[in-house]
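Understanding the architecture of this molecule
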Amino acid sequence: MKAILFSCLLLLCSLLVSAQQFSPTTGVPCANCVPANYTAIGTPFISDIDHPGFDASYNWYIYMSVLDSPPSTYSQGLPVGAGKNSFVSLKTSQGAVNDKLYVDVSGFDVNKTYIFRYSVCGAALYKGSTSLRSPDAESATMEIATVGQNPNFIIATQTTDFVDPFVQQHWTKRVITFQPASSTLRFRLSGKTPGQTPGYVHFSIDKYPFDCQLPNKQVELSRSLIETPFPNDKLDLSTVGIKSATPPTAELVWKAGPNSTDPTLTPQQAASVAISNQDPANEKPYYAFYYAKDFNCYSASVSQAELKFNYVPTQVPLTKTSIAVSCADPKGNLTSALEYPDDDSRVVWFKTNDHQGEVVYNATQVDPGDYYAFYYSLSKGGYSLPANQVSTKQVTVGNPIMPGIPDLGPTISINSLFFLANGSKDFTVKIHNIKAENSNCSVFFKVSKLPGFNITYSTQAGQSNGVPTNNDFWTFVESDSYITVTSKYGITASNYSVVGFNITRNAGTPAGTKQNLSITIPQPGGGGETNVSNNQTITTLTAD
């Protein structure tokens, strides 16, 4: 009848626990209670090293009445008053009192061999006088059996005999090696005491009682160094490439030290780690491990998978150090100096080499001057150079000709002043700077339009009557009366520029018509000159 009742209780009252979360035999000391997820037969209780759980007036029958701490690291790590150094106790006898305890655990792989570790103790107890103590227990038994099969059978059993009263007052560490016959197993705890008066057996099972199933394996990283130009940048370690395959039931974790005992970074911490060389004399790399949560173990005790996330002060690479502006377009485009055009989104410009003062807000339209380039990212920690390091990447924007006070004058050259009907001729205008000082950007001259003739020009360099022309040095704008020609740059000291034109007699211009072609440098257009007495030339053209 007892056997039938026992089987029914096992079937109805069992609580299923995953092997990944094996329930430790801990808890706040109490009478007639069991650790979480365990099922009791009889009245087991939770004790600690100071007193049995069912009555604090009882003491352990041992020197100084204090037991050794149970080998469970989980139990030892609990707070005082919340289960620290606790374990489960069973009353046993050959009479009516014979406590039992069990827990069902799932998640086993029938193709693997498991090593299970636990500890037992047979310490007696007394109250008031040591002569009134409980009898010594004879043995403690751990059984591992199948669940839900018909019939269930025991796949492993281990009995620890307490043959030495002194030894049984201390914890005995035990190991069972087994291969599961099913994915769910039942772990049964029981004991034996001769006679009708109950003795006591005690069990301590850790939160992770199984030996590690991971192979001894290092994580293989795709790279060991990641560099950033920003001193306060952050790195998401989940983006680091991994070459090796993660073992089954394991996950990749990161630590700030090479040992498996070093603290593990939380997912939030690993998603935003700081640079490793904030203190160059004390670099702090990151280390990868494979971790089996089921067994609370790592694939290596010391990781060789080291990753350094280093800050490298970085200058912006440039293709040129100067940008020439013209009279027609006096603004410079700093982005044209970047070696990598995509850098434009993270490069900022300053007029100082230490990124002080105002930032240049439109780098494509800047006034003449000196500018310095810096990498910058608000999200990644500011500038690429520390405060004590200046930018060496300077770009000078300006007119390539430094202005002075020139003396300019035009001359015209044409091989004939007489035009037959529909006749066409080339002519050139030479603008001389006869003084040994450069002109400024305001050089321009006007060519008069004639009603009897049509004047055209090219905007490219070329030749006119065998004379090289540099029309590309000038811009051309027409009105009803004039063609205004403006230099893109100044004319250097003692130099000149030749502009080529073509002039054609109109079909309706009668013979004998005479018209004056004038080339004039107006007073404001002399490029900063003060002598305007030689600023015009006039030539008469005749229709034959």
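Parameters and conventions
Counting from 1, residues in each chain are numbered in the order their sequence is written. Where totals are concerned, whole chains, interfaces and linings use all residues; where local detail is concerned, this predicted model gives features only for residues with pLDDT of at least 70, and gives and counts side-chain atom pairs only at 80 or more. Values shown for side chains rest on all heavy atoms present in the structure; no hydrogens or waters enter the calculation. Each helix corresponds to a stretch of at least 4 residues labelled H or I by DSSP, and each strand to a stretch of at least 2 residues labelled E; elements are numbered beginning at the N terminus. The reference for a compact globule is 2.2 Å times residues^0.38; the radius of gyration itself is calculated from the C-alpha atoms. Each residue's exposure class comes from its accessible area (1.4 Å probe, protein chains only) as a fraction of the maximum for that residue type: buried when under 20%, exposed when over 50%, partly exposed otherwise. Contacts are assigned to residue pairs with any non-hydrogen atoms lying within 4.5 Å of each other. Working convention for charge: Lys and Arg count positive, Asp and Glu count negative, and His plus the chain ends are omitted. Working definition for charges: the position is that of NZ of Lys, CZ of Arg, CG of Asp or CD of Glu. Values of pLDDT, ranging from 0 to 100, describe the predictor's confidence in every residue of the model. Two aromatic rings, drawn from Phe, Tyr or Trp (for Trp, its six-membered ring), form a pair once their centres lie within 6.5 Å of each other, and the interplanar angle then sorts them: stacked below 30 degrees, edge-to-face above 60, tilted otherwise. Only Lys NZ and Arg CZ are tested; either one counts as a charge over a ring when it is within 6 Å of the ring centre and within 35 degrees of the ring normal. As used here, the term nonpolar core means buried Ala, Val, Leu, Ile, Met, Phe, Trp, Tyr and Cys residues forming a set that is joined through side-chain atoms within 4.5 Å. When DSSP finds at least two bridges between two strands, those strands are taken to pair. Whenever a helix is involved, its axis is fitted only over the stretch in contact; in every case the axis is a line through C-alpha atoms, and angles between N-to-C directions fall within 0 to 180 degrees. Cysteine sulfur atoms that come within 2.5 Å of each other are treated as a disulfide pair. Basic side-chain nitrogens of Lys or Arg form a salt bridge, by our definition, when they fall within 4 Å of a carboxyl oxygen of Asp or Glu.

This paragraph deals with the overall build of the protein chain. The secondary structure content of the protein chain amounts to three helices and 36 strands. The C-alpha atoms of the protein chain give 48 Å as radius of gyration, which overshoots the globular expectation for 544 residues (24 Å, by more than 25%). Each of the three principal axes of the protein chain carries a C-alpha extent, and together these read 150 × 50 × 35 Å. Relative to its 544 residues, the protein chain shows a buried fraction of 45%. Here the analysis covers contacts within the protein chain between residues at least 6 apart in sequence; of these, 72% occur between residues at least 24 apart. For the protein chain, the separation between the mean place of its 36 positive charges and that of its 41 negative charges on side chains is 3 Å.

Residues shown with low pLDDT carry predicted positions that ought not to be read at fine detail. Counting all residues, the mean pLDDT for the protein chain is 90, and 95% of those residues have values of 70 or more. Low pLDDT (under 50) marks residues 1-16, which in the prediction has 22 contacts with non-local residues, meaning those over four places away or in another chain.

With the rule as written, the count across this model stands at 38 aromatic pairs. An angle of 65° between the planes, with centres 6.4 Å apart, marks the rings of Phe178 and Phe210 as edge-to-face. Of this pair, Phe178 sits in strand S12 (residues 172-178) while Phe210 sits in the loop between strand S14 (199-204) and strand S15 (225-228), and the two are 32 residues apart along the sequence. Here the two residues Phe178 and Phe210 agree in accessibility, since each one is buried. Taking the centre distance of 4.9 Å and the plane angle of 40° together, the rings of Tyr291 and Tyr298 count as tilted. A residue is classified by how much of its surface remains accessible, and Tyr291, at 13% relative accessible area, is buried. Note that Lys430 overlies the ring of Tyr496, its terminal NZ or CZ placed 4.4 Å from the centroid.

Attention now goes to the nonpolar core. Ranked by size, the top nonpolar core spans 51 residues in total, and within it Phe178, Phe187, Phe203 and Leu237 carry the most contacts. In terms of nonpolar packing, the next biggest core, distinct from the first, is built from 25 residues, Phe453, Leu517, Ile519 and Ile521 among them.

Okay, unusual backbone geometry next. One non-glycine residue, Asn85, lies in positive phi territory at about 55°. Note that Asn85 resides in the loop between helix H2 (73-77) and strand S5 (86-92). Non-glycine residue Asn465 carries a positive phi angle of around 55°. Along the chain, Asn465 falls in the loop between strand S30 (461-464) and strand S31 (467-470).

Turning to the side chain of Thr509, a few remarks are in order. Along the chain, the position of Thr509 falls in the loop between strand S34 (496-505) and strand S35 (514-520). Setting aside residues no more than four positions away along its own chain, Thr509 makes contact with Gly452 and Ala543.

What follows concerns the sheet that holds S34. An order of S25-S27-S34-S29 is seen for the four strands of this open sheet, with the pairing classed as antiparallel. With one partner strand each, in any of the chains shown, strand S25 (408-414) and strand S29 (453-457) form the two edges of the open sheet. The average angle at which neighbouring strand axes cross in this sheet is 30°, direction not considered. Pairing between S25 and strand S27 (residues 424-433): seven bridges, direction antiparallel. Looking at the pairing, Ile414 lines up with Phe427 of S27.

You can see Ala250 is positioned in the loop between S15 and strand S16 (251-255). Residue classification places Ala250 among the buried residues on the basis of a relative accessible area of 18%. Sequence separation of Ala250 and Pro263 is 13 residues, and the distance between their C-alpha atoms is 18 Å. With sequence-adjacent residues up to four places away left out, Ala250 is seen in contact with Leu214, Tyr290, Tyr291 and Ala292.

Moving on, we get to the environment of Asn399. Within the secondary structure, Asn399 sits in the loop between strand S24 (394-398) and S25. Taking the C-alpha atoms as reference, Asn399 lies 8.9 Å from Asn440; in sequence the two are 41 residues apart. Once you skip the residues sitting within four places of it in the chain, Asn399 turns out to touch Val325, Cys327, Cys441, Tyr489 and Gly490.

Taken in spatial order, the five strands line up as S3-S5-S14-S7-S12 in an open sheet, and their pairing is antiparallel. Only two strands of the sheet have a single neighbouring strand rather than two, namely strand S3 (45-48) and S12. Pairwise comparison of adjacent strand axes, ignoring direction, gives a mean angle of 40° for this sheet. Two strands pair when backbone bridges link them, and S3 and S5 are joined in this way by four bridges, in the antiparallel orientation. Across the sheet, the residue bridging to Asp48 is Ser86, located in S5.

Going through the model one piece at a time under the given rule, you end up with two disulfides. The side chain of Cys30 participates in a disulfide bridge whose partner is Cys33; the two sulfur atoms lie 1.6 Å from each other. Taking the sign of the S-S torsion, about 100° here, the bridge from Cys30 to Cys33 comes out right-handed. Of the residues examined, Cys30 reaches a relative accessible area of 24% and is grouped as partly exposed.

Inspection of every chain in the model, using the stated rule, returns nine salt bridges. For Arg186, the salt bridge goes to Asp104, with nearest N and O atoms at 2.5 Å. In this pair, Arg186 is assigned in strand S13 (residues 185-192) and Asp104 in strand S6 (residues 100-106), connecting sequence segments 82 residues apart. Looking at Arg186, the relative accessible area reads 5%, which means it is buried. Note on Asp104: relative accessible area 2%, which makes it buried. Between Glu138 and Lys192 there is a salt bridge, with its nearest N and O atoms 3.5 Å apart.

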